[in-house]
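Remarks on the overall topology
The residues making up each chain are set out below.
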Amino acid sequence: MAPPFPPPFPDHGPKASPRHRRVLLLGGTGTIGRATALALVARGHAVACLVRPGSAKDDGLFTETVVVEGDVTDPAAFARASAAGGPFDAVVSCLASRTGVPRDAWAIDFQAHRDVLTAAREAGVEQMVLLSAICVQKPLLAFQKAKLAFEEALIASGLIWSIVRPTAFFKSLSGQIARVQAGRPYLIFGDGTLTACKPISDADLGAFIADCLDDPHRQNRILPIGGPGPAVTPRQQGEALFALTGRPPRFRRVPVALLDGIIATLSLAGRVLPALADKAEFARIGRYYATESMLVLDPATGRYDAEATPSTGTETLFDYYAQVLRGEARAERGDHAVFRSADAGERP
């Protein structure tokens, strides 16, 4: 008896996949995961989402997919998902640790993914698409090292693989919209030009991920990807917000040394109180995004290269800002709020 997948849409247009697959999606309740689920369904794939119990309740998106509730850290979760919605042809993962602290990073970004990969290989799954992060190019933090370790495992797995490394998400760069609307200054580190990124929208990234299943040029490759247009700095982000609100630009500089002091204090206190050790890691993550660009890193020069960073899609960050200000979109950041200071890159 066939699993209870909804039927394909009758007309998928030019984006229809030439080969409809049964896909297990991890991380489908996140904003990128939701966009990826929609893109997969729109291409005619049968999608099963492995989600935390209760996380898909009353969500219209999941009427288009099979929902399997379970704990992704349970090695048996893949088998239960297969029983409900398999056998699968491919696994697509938009899953990431919620905090980025070492224990979560290694449990989710590495171990949970490795367990799924092992089970998928044993079940005959032929392909996996992984949403990673461009910051693993320069791995200084626990979550980056965990992601990179799984990337290496996936590459060596024998499956057809695609590793997608986006540059920055709109939601990661939306934390100061309300601040500017309230007439307060936009916070920047240094002069606001220490870093740059090429932000990509949820929908554009979801489409890029979904198309990895069919595009041979995106297979067995690491794929850095940003949104359309030139790279933008935090100062340019602030200037755009002020222009959209009709207010004169006002900036407040935050010294990077302030973060260094916070990190040192919390690290010392964290030797006694573990909760403060986690806060120290959050501060390290904030400092990373305050000082490192989310662009392709040239290993020969050690410099970030906007021209070498590929682009896709149609929606720009400033389009998104305008939509939020008009009330047509919501700056929903969720767990990304943990990592927000004056600037942030992507945290899938």
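Going by the structure above, here's the rest.
Small disclaimer: the values here were computed from a predicted structure and weren't measured. (Residues numbered from 1 in each chain as written. Predicted model: local features only at pLDDT ≥ 70, side-chain atom pairs only at ≥ 80, totals over all residues. Heavy atoms only, no water.)

Glancing now at the overall build of the protein. What the protein contains, in helices and strands, is 10 helices and 11 strands. When each of the 348 residues of the protein is scored for burial, the buried share is 51%. Expressed as a percentage of contacts within the protein between residues at least 6 apart in sequence, the contacts between residues at least 24 apart total 76%. Here the protein has roughly 15,000 Å² of accessible surface; of this, 55% comes from carbon and sulfur atoms. (Helix = DSSP H or I, 4+ residues; strand = E, 2+ residues; numbered from the N terminus. Buried < 20%, exposed > 50% of the residue type's maximum accessible area, 1.4 Å probe, protein only. Contact = heavy atoms within 4.5 Å. Areas by Shrake-Rupley, 256 points an atom, 1.4 Å probe, with all protein chains shown as cover.)

Mapped onto the fold, valine 324 is located in helix H10 (residues 317-325). Taking C-alpha positions, valine 324 is 9.2 Å from serine 174, a pair spaced 150 residues apart along the chain. In this structure, valine 324 is in contact with Ile177, Ala329, Arg330 and Ala331, ignoring residues within four places of it in sequence.

Our focus in this paragraph is the packing of helix H1 (residues 31-42) against helix H6 (residues 202-211). Axis separation between H1 and H6 bottoms out at 8 Å; the angle between their running directions is 55°. The pairing of H1 with H6 is recorded here as oblique in orientation. Once H1 is placed against H6, the crossing between them reads as right-handed. Every residue of H6 that contacts H1 at Thr31, Ile32, Ala35, Thr36, Ala39 and Leu40 is listed here: Asp202, Ala203, Leu205, Gly206, Ala207, Ile209 and Ala210. (Axes fitted to C-alpha atoms, helices over the stretch in contact; angles between N-to-C directions. Parallel < 35°, antiparallel > 145°, perpendicular 65-115°, else oblique. Left-handed = near helix turned anticlockwise from the far one by under 90°.)

Bringing the nonpolar core into the picture now. Of all hydrophobic cores here, the largest spans 55 residues; its most connected members are Leu24, Phe78, Val91 and Leu154. Top contributing element to this core by residue count: helix H3 (residues 102-122), with eight residues. Aside from chain neighbours lying at most four places away, what touches phenylalanine 78 is Leu24, Phe88, Val91, Val116, Ala119, Ala120, Ala123 and Val125. (Core = buried A, V, L, I, M, F, W, Y, C linked by side-chain atoms within 4.5 Å.)

Moving on, we come to the side chain of arginine 165. Topologically, arginine 165 is positioned in strand S6 (residues 160-166). On the accessibility criterion, arginine 165 (11% relative accessible area) is buried. Excluding residues within four positions of it along the chain, arginine 165 makes contact with Ser132, Ala133, Ile134, Val136, Gln137, Leu148, Glu151, Ile222, Leu223, Pro224 and Ile225.

Along an α-helix, residues three or four positions apart point the same way, because every turn accommodates 3.6 residues. Compared with the 16 Å implied by 1.5 Å per residue over 12 residues, the 17 Å span of helix H7 (residues 234-245) between its first and last C-alpha is a close match. Within H7 the residues assigned to the buried category are Pro234, Gln237, Gly238, Ala240, Leu241 and Phe242. Where H7 is buried, its residues meet helix H5 (177-181), strand S7 (186-189), strand S9 (251-254) and H10. (Expected span 1.5 Å × (residues − 1).)

Right, let's get into the sheet that holds S6. One open sheet holds the seven strands; their spatial order is S3-S2-S1-S4-S5-S6-S8, and the pairing between them is parallel. This sheet does not close on itself; its edge strands, each paired only once, are strand S3 (66-69) and strand S8 (221-225). Between one strand axis and the next, the sheet turns through 20° on average, direction left out of account. Pairing of strand S4 (residues 90-93) with strand S5 (residues 127-131), which is carried by four bridges, proceeds in the parallel orientation. Looking across to S5, one finds that serine 93 is bridged to leucine 130. Contacting strand S1 (22-26), strand S2 (46-51), S3 and S4, helix H2 (residues 77-85) runs over the sheet at an angle of about 150° to S3. (Pairing = 2+ DSSP bridges.)

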